[in-house]
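This is what each chain is made of:
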Number of protein chains: 2
Amino acid sequence: MAKDRPTIADVASRAGVSKGAVSFALNGRPGLAQATVDRILAAADELGWRPSNRARSLSVSKAFALGLVITRDPAVLSSDPFFPAFIAGVESVLATRGQALVLQVARPGEDEAAGYRRLAQDGRVDGVFLSDLRHDDPRIDLLSELGLPAVTLNRPEGDSPFPAVCLDDRPGTVAVVEHLLELGHRRIAHVAGPQAFVHATARSDAFVATLAAAGLEPVAIEVSDFTAAGGIEATRRLLALPERPTAIVYANDRMAIAGLGAAQQAGLTVPDDLSIAGFDDSELAEFVHPGLTTVRADPYAFGEAAALTLNQLIDGAGTDDTVADVELPPARLVVRRSTARLEES
Amino acid sequence: MAKDRPTIADVASRAGVSKGAVSFALNGRPGLAQATVDRILAAADELGWRPSNRARSLSVSKAFALGLVITRDPAVLSSDPFFPAFIAGVESVLATRGQALVLQVARPGEDEAAGYRRLAQDGRVDGVFLSDLRHDDPRIDLLSELGLPAVTLNRPEGDSPFPAVCLDDRPGTVAVVEHLLELGHRRIAHVAGPQAFVHATARSDAFVATLAAAGLEPVAIEVSDFTAAGGIEATRRLLALPERPTAIVYANDRMAIAGLGAAQQAGLTVPDDLSIAGFDDSELAEFVHPGLTTVRADPYAFGEAAALTLNQLIDGAGTDDTVADVELPPARLVVRRSTARLEES
DNA sequence: TTGTAAGCGTTATCAA
DNA sequence: TTGATAACGCTTACAA
């Protein structure tokens, strides 16, 4: 059992001042002689005193914590390169401010609203990150109703009272398609993510638009679900097409890697018979055979920026300064061996 | 802004009782007439009152939260199937008790002790999960010094004051090796994880022991780092051996999948020229080509059991009932196409 | 420049 | 069975 922690009263009496003075000294407020401040801080140091979060929380009605609710199936969540890096980025800024991260994972079917409600009503967090934004996302109304500050990862469609931190998926997709066009491909298909998600449609829209700009139409667009199983399914359907595509652009690496497996199982050689591109640059992308051409973003920086922005919002709550949206550098194309020049057959 | 929440005093005055009575009614303590209890609960309901976590925290010196510190590189963390499912399992029990999960990810190089210290000193959590146990793990001394309750995932080597929740990795590894032996393999190599980790050595020990029981020695053991890059490296070294192994057992799927890529790149056909087995049954294992023979555990159940056990410990702190260790059903072999009968060449 | 005292919303103690 | 009242440890008006 750890010995009882010193309280602010102990520090005060040791320094020969009042509790109020200690509080002022700690928080660097003006109105104290430098000498007393020093004396107080010294006393605090000797006693090894650190203010109690719980007492502070009660007193100032703050949690000193941020929340992240991830609404995904755990199975889908694993092998997703985004969140671990994102969280690490978030924490790099929380650590310096003594804040904690409260994590909640909800299965898609479950009542995710309940999760946010709990976080808000229990006063667990001072704000939340809104990830995996959906079209007409009900969460933004929910959160403004709950009065819980939030930051959206990318911009929602309608009006949003919350600042957005954005990493545009489209330039990466455009780059992939242009890369394939340069390699001579004309029959290009797309395996998209669930169209409920803003980032999924952003990618498929960019895909279609880039082809259109070249005067082409997609061979097919298979809407899938970002899982490996879904990637397999979609790939099989595409390969069964009367006019098989010569290249497939997947909305994420997991589907792409699964698709690669499906193509190989179907007896095709990648990239000779079929070019394949992913999205995310997950760890395995580099190491599967052949290495996967994909698109790389920087989720760590995304996390940093989101945390910084959310804290700005929280700190300034009440102030009328609206917090500015943040635009991060877009994802970049990473060319590997899974895409190749189209051989005339 | 959400309207001001009602406090216990509001409920008390509405029900015409004292605050103490409300507290008793809420916590179902004896000593109140049933009629008053009903009246109080009704009043609370009408006002929509829920007790404030912050006030409770201060009053009873509890955080109503559990902590998980993950000491891994974010890049390594992604594409690890364990933690998302484990966390989901943990939360399935936390949700019913109104507890929250505080997550911290630390890079291996960083001072992880500082992370636990912060959690303890800030009173953020009532207990923590100790994952990725290492040999002579310094964290168990640290935590008992901090007086922070903990549960270890698997059993540490030395004496530990903490209950352990165990999922034995060895039977799975034994099963893999026996499977390969049955297929006629005799030259089997192993790509192990960092030997600082208890689970990594458990797997390599089981590997060696099972071969030994069959009167065999490993062709080679490559100690790697659980990453895809490490898996590639190790595989290349094994394939360059004068007497190439006919089968390789990897300590996790990520290295195995990368190794599969490396073997294919080296012109080998899996499983004809080389059998490959992993460990984890990550999502992609089923869908790479050929499908990966691997070992499946149940991290969700692991999380549930760990959370239950940690809460038992916390609830009973002070009591002398020591909390019993929990033994979970071991991981099971999943046979796919990446392993095959050895063809005499 | 410093000290006093009143919150914050619970739980716990102890008379009545 | 009840109802005051005192913690819990901090912040913050307001006095001095």
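Worth saying up front: this structure is predicted, and the values here are computed from it rather than measured.

Trainee: Sorry, what's going on with the overall build of chain A here?
Mentor: Tallying secondary structure elements over chain A gives 13 helices and 12 strands in all. Over its C-alpha atoms chain A spans a radius of gyration of 26 Å, topping by over 25% the 20 Å that the globule rule assigns to 345 residues. With the principal axes as the frame, chain A shows a C-alpha extent of 90 × 40 × 35 Å. Buried positions account for 56% of the 345 residues belonging to chain A. By sequence separation, contacts in chain A at least 24 residues apart represent 69% of the contacts at least 6 residues apart. Approximately 14,600 Å² of chain A is accessible, and the part contributed by carbon and sulfur atoms is 51%. Seen as two clouds, the 32 positive and the 46 negative side-chain charges of chain A have centres 7 Å apart.

Trainee: What am I meant to see in the protein's contact with DNA strand D here?
Mentor: Neighbouring residues of DNA strand D: 25 residues in total, closest Ile8, Lys19, Ser23, Arg29 and Ser59 of chain A. Within the backbone of alanine 55 of chain A, one N or O atom sits 3.5 Å away from a base nitrogen of DNA strand D. Threonine 36 of chain B has a polar side-chain atom sitting 3.3 Å from a phosphate oxygen of DNA strand D. Looking at the surface near DNA strand D, the elements that each hand over two or more residues are α2 (19–26) and α4 (53–60) of chain A together with α4 (53–60) of chain B. A breakdown of the residues in the surface near DNA strand D according to their chemical character gives 10 nonpolar, 11 polar and 4 charged.

Trainee: Got a minute to help me understand the sheet that holds strand β7 (residues 221–223) of chain A in this structure?
Mentor: Strand-to-strand pairing in sheets goes through backbone hydrogen bonds, with the strands running parallel or antiparallel. Residue and element names in this part refer to chain A. On the basis of which strands lie adjacent, the open sheet formed by 4 strands has the order β7-β6-β8-β9 and parallel pairing. Every interior strand has two partners, whereas the edge strands, β7 and β9 (275–277), have only one. Strand-to-strand twist of the sheet, defined as the mean angle between neighbouring strand axes without regard to direction, takes the value 15°. Looking at chain direction, strand β6 (residues 188–192) and β7 are connected through 3 bridges and run parallel.

Trainee: Would you mind going over empty space enclosed by the protein with me for this structure?
Mentor: To find leftover empty space, a probe the size of one water molecule is rolled over the atoms. Evaluated as defined, the whole model comprises 7 cavities of 30 Å³ or more. Here the largest cavity defines a volume of roughly 290 Å³. Looking at the largest cavity, it is lined by 20 residues, and the ones nearest its centre are Ser57, Ala63 and Arg124 of chain A together with Ala63 and Arg124 of chain B. Tallied by class, the residues present in the lining of the largest cavity amount to 8 nonpolar, 6 polar and 6 charged. A volume near 210 Å³ is recorded for the second largest cavity.

Trainee: How do you make sense of the pattern of salt bridges when you look at a structure like this?
Mentor: A pair can form between side chains of opposite charge whenever their charged atoms are brought close. Residue and element names in this part refer to chain A. All told, the structure shown has 37 salt bridges over all chains when counted by the stated rule. We note a salt bridge from aspartate 137 to arginine 139, for which the minimum N-O separation is 2.8 Å. Judged by relative accessible area, aspartate 137 falls into the buried class, the value being 8%. Residue glutamate 233 pairs with arginine 237 through a salt bridge whose shortest N-O separation is 3.6 Å. One end of the pair is glutamate 233 and the other is arginine 237, both in helix α11 (residues 228–239) and 4 residues apart, which spans about a single turn. Here the salt bridges do not stand alone but share partners, grouping Arg72, Asp80 and Asp132 into one network.

Trainee: How should I be thinking about the sheet that holds strand β6 (residues 188–192) of chain B in this particular structure?
Mentor: Residue and element names in this part refer to chain B. An order of β7-β6-β8-β9 is seen for the 4 strands of this open sheet, with the pairing classed as parallel. At either end of the open sheet lies a strand with only one pairing partner, and these are β7 (220–223) and β9 (275–277). On average, each strand axis in the sheet is tilted by 15° relative to the strand beside it, whichever way the strands run. Sheet topology note: the β6/β7 ladder contains 4 bridges and is parallel. When the sheet's bridge partners are listed, alanine 189 is paired in β7 with alanine 220. Of the strands in this sheet, β6, β8 (247–250) and β9 are in contact with helix α12 (residues 253–265), which crosses β9 at around 155°.

Trainee: Any chance you could explain the nonpolar core here in plain terms?
Mentor: It is characteristic of soluble globular proteins that their nonpolar side chains tend to be buried jointly. Residues Leu68 and Phe129 of chain A together with Leu68 and Phe129 of chain B are the most contacted members of the largest nonpolar core, which totals 82 residues. The residues touching leucine 68 of chain B, leaving out its near neighbours within four places in the chain, are Phe83, Phe86, Ile87, Leu101, Val102, Leu103, Gln104, Phe129 and Ser131 of chain B. The next biggest cluster of nonpolar side chains, apart from the first, holds 60 residues, and it includes Leu238 and Leu239 of chain A together with Met255 and Leu260 of chain B.

Trainee: What is the right way to read the packing of aromatic side chains from this model?
Mentor: The way to describe two aromatic rings as a pair is by their centre distance and the angle between their planes. Residue and element names in this part refer to chain A. Taken as a whole and assessed by the stated rule, the structure comprises 10 aromatic pairs over all chains. Aromatic ring contacts, followed pair by pair, group Phe82, Phe83, Phe86, Phe129 and Phe302 into a single cluster. Over the ring of phenylalanine 24 we find arginine 29; its NZ or CZ atom is 5.1 Å from the centre of that ring.

Trainee: Which parts of the structure should I look at to understand the packing of α11 of chain A against helix α12 (residues 253–265) of chain A?
Mentor: All names here are of chain A. Interhelical geometry of α11 versus α12 gives an angle of 45° and a closest axis separation of 7 Å. Considered as vectors, α11 and α12 are oriented oblique to each other. Between α11 and α12 lies a crossing whose hand is right-handed. Facing Ala228, Gly231, Ile232, Thr235, Arg236 and Leu239 of α11, the residues of α12 in contact are Arg254, Met255, Ala258, Gly259, Ala262, Ala263 and Gln265. Here the residues of the contact of α11 with α12 sort into 7 nonpolar, 4 polar and 2 charged.

Trainee: Looking at this structure, I do not really get the protein's contact with DNA strand C. What am I missing?
Mentor: Close to DNA strand C lie 24 residues; Gly31 and Ala33 of chain A together with Ile8, Arg29 and Ser59 of chain B are nearest. Here the atoms of DNA strand C within 4 Å of the protein split so that 65% fall in sugar or phosphate, with bases taking the remainder. Here a base oxygen of DNA strand C sits 3.1 Å away from a polar atom, N or O, in the side chain of lysine 19 of chain B. Classifying every residue of the surface near DNA strand C gives 9 nonpolar, 11 polar and 4 charged.

Scoring rules and cut-offs
Residues numbered from 1 in each chain as written. Chains lettered and ligands numbered in written order. Predicted model: local features only at pLDDT ≥ 70, side-chain atom pairs only at ≥ 80, totals over all residues. Heavy atoms only, no water. Helix = DSSP H or I, 4+ residues; strand = E, 2+ residues; numbered from the N terminus. Rg over C-alpha atoms; globule rule 2.2 N^0.38 Å. Buried < 20%, exposed > 50% of the residue type's maximum accessible area, 1.4 Å probe, protein only. Contact = heavy atoms within 4.5 Å. Areas by Shrake-Rupley, 256 points an atom, 1.4 Å probe, with all protein chains shown as cover. Lys, Arg positive; Asp, Glu negative; His and termini not counted. Charge placed at Lys NZ, Arg CZ, Asp CG, Glu CD. Near = heavy atom within 4 Å. Polar contact = N/O pair within 3.5 Å; in protein donor to acceptor, adjacent residues only side chain to side chain. Nonpolar A, V, L, I, M, F, W, Y, C, P; charged D, E, K, R; others polar. Pairing = 2+ DSSP bridges. Axes fitted to C-alpha atoms, helices over the stretch in contact; angles between N-to-C directions. 1 Å grid on protein atoms, 1.4 Å probe; cavity = no way out; pocket = protein on both sides within 12 Å on 5 of 7 lines; lining within 4 Å. Points joined across faces, edges and corners; volume = space filled by probe spheres on them. Salt bridge = Lys/Arg side-chain N within 4 Å of Asp/Glu carboxyl O. Core = buried A, V, L, I, M, F, W, Y, C linked by side-chain atoms within 4.5 Å. Phe/Tyr/Trp six-rings, centres within 6.5 Å; stacked < 30°, edge-to-face > 60°. Lys NZ or Arg CZ within 6 Å of the ring centre and 35° of its normal. Parallel < 35°, antiparallel > 145°, perpendicular 65-115°, else oblique. Left-handed = near helix turned anticlockwise from the far one by under 90°.

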